[in-house]
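Spelled out, the chains give:
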Amino acid sequence: MYVSEHVQRRDLNAAVQQGTGTTLWQWIRQLSAGRCFVSDGQNLVTEDVTVVEGDVATISCRVKNSDDSVIQLLNPNRQTIYFRDFRPLKDSRFQLVNFSNSELRVSLTNVSISDEGRYFCQLYTDPPQEIYTTITVLVPPRNLVIDIQKETAVEGEEIELNCTAMASRPATTIRWFKGNKELTGKSEVEQWSDMYTVTSQLLLKVGREDDGVPVICLVDHPAVKDLQTQRYLEVMYKPQVRVSQNYPLQGLTREGEPLELTCTAFGKPQPTDMRWLRVDDEMPQHVVVSGSNLLISNLNKTDNGTYRCEASNAVGKSHADYMLFVYDPPTTIPPPTTTTTTTTTIPTTITDTTATTEPAVHGFTQLPNSAEELDYGDLSDSRAGEEGAIRSVDHAVVGGVVAVVVFAMLCLLIILGRYFARHKGTYFTHEAKGADDAADADTAIINAEGGQNNSEEKKEYFI
């Protein structure tokens, strides 16, 4: 037969308050034996609980195929926490969440390390059934701190950083990051009672690119998510120097034109000492230096050389060089003028005809003095004028060649004409006087002036 719930609760309270010789455990067994029936299909179900320190743990004791048998929950010391919906243990942190014939669910608030252990679910059948659940308490690390060996480092130095995660359970895993890049450290674990303290050491060689970059210490622990701390690196480095050309913006540095240079330097600390000098030679007297600027108003070939800008700070000194080569100034060449002379010769008559071509249009074309002086900007600006000048030069050369050939032919014709004119007609010889009256040639020779003695002088030879 069944005992009413009111009688059970009244008798249980009386037994607890009066402290009778019969223990609570014996009383429960007696009470359960008087109202429970054996059922082969009954069993208990529960799950282990993992909770972060300070949170709420919920313990559930469930019965399958319930026959209204009594369910109770006991702590690791075998003290009854709940008997059905009654709480004999005077600990207000335990609260009834749900009670029915098939389930007893109890919550434990503000969990601490002392609450960790095995909790028992019992079902009063014949024989009684028992199953246990384990509560595991996680303790997140406290006081996550990064210690850095030197607050301010110099580029090239190796510095030491230490990250400490104190009083955690279980021991934490520490990871290092520099910006978005993960680094590898060396960890040591110390145990104090049930708590663990982990310290990780990181050795880092810093450069100027590390200045202002965060170094992050990140904790991997089941009790906490995204727990991290960081320190920003402060790195000092010597100046970084750069020389830029302000004028001319493009093109070559030509003789007679100005040149302006600017020196810029960046460092930590910011450079305070900056100066210009000429490498392997003295600075020309006409060079004007004003702070970070260098100005040469009128370039000449003596200015050729290497100009250096030096900057320094507390860490060191750096420099940047500018190599100056002064080119010749631009020159102008007038277009050539070609004159052609033509001579025509007729036998015994010479006629000279002279013709002069129209002169080319005068213009100024800027030509480079060497192959290095070619400036693409100048070429693009004067391309049309140069093409016209080249065409004029081509026509002038052709005309000159034709004129020379014609002139040579005319000279040859004149020479031939004069030669033929000289050897044309009757050939006269200078005979001795008196030859006209001689009867024959012998008499003419004898009667000639001078006689026989001059006969040798009157001989003539024909070729």
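Residues numbered from 1 in each chain as written. Predicted model: local features only at pLDDT ≥ 70, side-chain atom pairs only at ≥ 80, totals over all residues. Heavy atoms only, no water.

The name given to the chain in an unreviewed UniProt entry is Cell adhesion molecule 1, with the source organism recorded as Pipra filicauda. What the UniProt record of the chain gives under Sequence similarities (unreviewed entry) is the line "Belongs to the nectin family." (UniProt positions renumbered as here; feature names shortened; annotations may be inferred.)

Undergrad: Can you lay out unusual backbone geometry for me, pointing to particular residues and giving the numbers?
TA: Residue Arg169 is joined to Pro170 through a cis peptide bond whose omega torsion reads 0 degrees. For the peptide bond that leads from Tyr247 to Pro248, omega is -5 degrees, which places it in the cis range. Relative to the helices and strands, Pro248 resides in the loop between β19 (235-247) and β20 (259-268). Residue Arg78 is not a glycine yet carries a positive backbone phi of 65 degrees. Topologically, Arg78 is positioned in the loop between β4 (71-74) and β5 (80-83). Classification of Arg78 by relative accessible area gives partly exposed; the value is 41%. Of note in this structure, Asn143 is not a glycine but carries a positive phi near 55 degrees. Tracing the backbone through its elements, the reader meets Asn143 in strand β10 (residues 142-148). Take Asn143: its relative accessible area is 53%, and that puts it in the exposed class. (Helix = DSSP H or I, 4+ residues; strand = E, 2+ residues; numbered from the N terminus. Buried < 20%, exposed > 50% of the residue type's maximum accessible area, 1.4 Å probe, protein only.)

Undergrad: Can you break down the UniProt feature "transmembrane region" (unreviewed entry) in the chain residue by residue, with the values?
TA: Those residues carrying the UniProt feature "transmembrane region" (unreviewed entry) are residues 396-416 in this numbering. Between the C-alpha atoms that bound residues 396-416 the distance is 31 Å, and the span itself is 100% helix and 0% strand.

Undergrad: Could you give an account of the sheet that holds strand β22 (residues 288-290), with specific residues and numbers?
TA: Think of a sheet as strands paired side by side through backbone hydrogen bonds, with each pair either parallel or antiparallel. Strands sit in the order β11-β19-β20-β23-β22 across an open sheet of 5 strands; the sheet is mixed. The strands lining the two open edges of the sheet, one partner per strand, are β11 (153-154) and β22. (Pairing = 2+ DSSP bridges.)

Undergrad: How would you explain the pairing of strand β6 (residues 94-99) if you had to name every residue and give the values?
TA: Alignment of β6 against strand β7 (residues 103-108), held across 5 bridges, turns out to be antiparallel. The partner of Leu96 across the bridge, within β7, is Val106. Between β6 and β7, which follow one another and run antiparallel, lie 3 residues.

Undergrad: Break down the state of the cysteines for me, with residues and values.
TA: What the rule picks out here adds up to 3 disulfides. Disulfide pairing places Cys61 opposite Cys121 at an S-S distance of 1.7 Å. Measuring the twist about the S-S bond at about -65 degrees, one finds the Cys61-Cys121 disulfide to be left-handed. Here Cys61 is found in strand β3 (residues 57-64), whereas its partner Cys121 is found in strand β8 (residues 117-123), with 60 residues between them in sequence. (Disulfide = S-S within 2.5 Å.)

Undergrad: Can you break down the confidence of the model for the chain residue by residue, with the values?
TA: Looking at the chain as a whole, its pLDDT mean stands at 78, while 68% of the residues score no less than 70. Within the model, pLDDT remains below 50 along residues 1-41, and this stretch shows 52 contacts once partners closer than five positions in the same chain are excluded. Confidence drops under a pLDDT of 50 for residues 452-457, and excluding neighbours within four residues, the segment shows 2 contacts in the predicted structure. (pLDDT = per-residue confidence, 0-100. Contact = heavy atoms within 4.5 Å.)

Undergrad: A description of a nonpolar patch on the surface should follow, citing residues and the corresponding values.
TA: Taken together, the side chains of Val397, Val401, Val405 and Met409 make up a nonpolar region of the molecular surface, amounting to roughly 370 Å² of accessible area. With respect to the helices and strands, Val397 occurs in helix α4 (residues 383-422). The exposed category is assigned to Val397, whose relative accessible area is 51%. (Patch = residues over 30% accessible without salt bridge, like charges linked within 9 Å, V, L, I, M, F, W, Y side chains within 5 Å. Areas by Shrake-Rupley, 256 points an atom, 1.4 Å probe, with all protein chains shown as cover. Salt bridge = Lys/Arg side-chain N within 4 Å of Asp/Glu carboxyl O.)

Undergrad: An account of the pattern of salt bridges is requested, with residue identities and associated values reported.
TA: On inspection of all chains with the given rule, the structure shows 20 salt bridges. Arg93 serves as the salt-bridge partner of Asp115, at 2.7 Å between the closest nitrogen and oxygen. Remark: Arg93 occurs in the loop between β5 and β6 and Asp115 occurs in the loop between β7 and β8; sequence separation between them is 22 residues. Here Arg308 makes a salt bridge to Asp321, at a shortest N to O gap of 2.7 Å. With Arg308 in strand β24 (residues 305-312) and Asp321 in strand β25 (residues 317-324), this residue pair connects regions lying 13 residues apart in the sequence. Take Asp321: its relative accessible area is 37%, and that puts it in the partly exposed class. Via salt bridges that share partners, Asp91, Arg93 and Asp115 belong to a single interconnected network.

Undergrad: Any details on the side chain of Thr197? Residues and values, ideally.
TA: Take Thr197: it is sitting in strand β16 (residues 195-205). A relative accessible area of 15% places Thr197 in the buried class. Setting aside chain neighbours within four positions, we find Thr197 in contact with Thr164, Ala165, Met166, Ala167, Glu188, Val189, Glu190 and Trp192.

Undergrad: How would you summarise the pairing of β25 if you had to cite specific residues and measurements?
TA: A one-sided burial pattern is seen for β25, the buried positions being Ser318, Ala320, Tyr322 and Leu324 and the unburied ones Lys317, His319, Asp321 and Met323. Note: β24 against β25, 8 bridges, orientation antiparallel. Bridging from a neighbouring strand, Gly305 pairs with Leu324 of β25. Turn length for the β24-β25 hairpin, with the two strands adjacent in sequence and antiparallel, is 4 residues.

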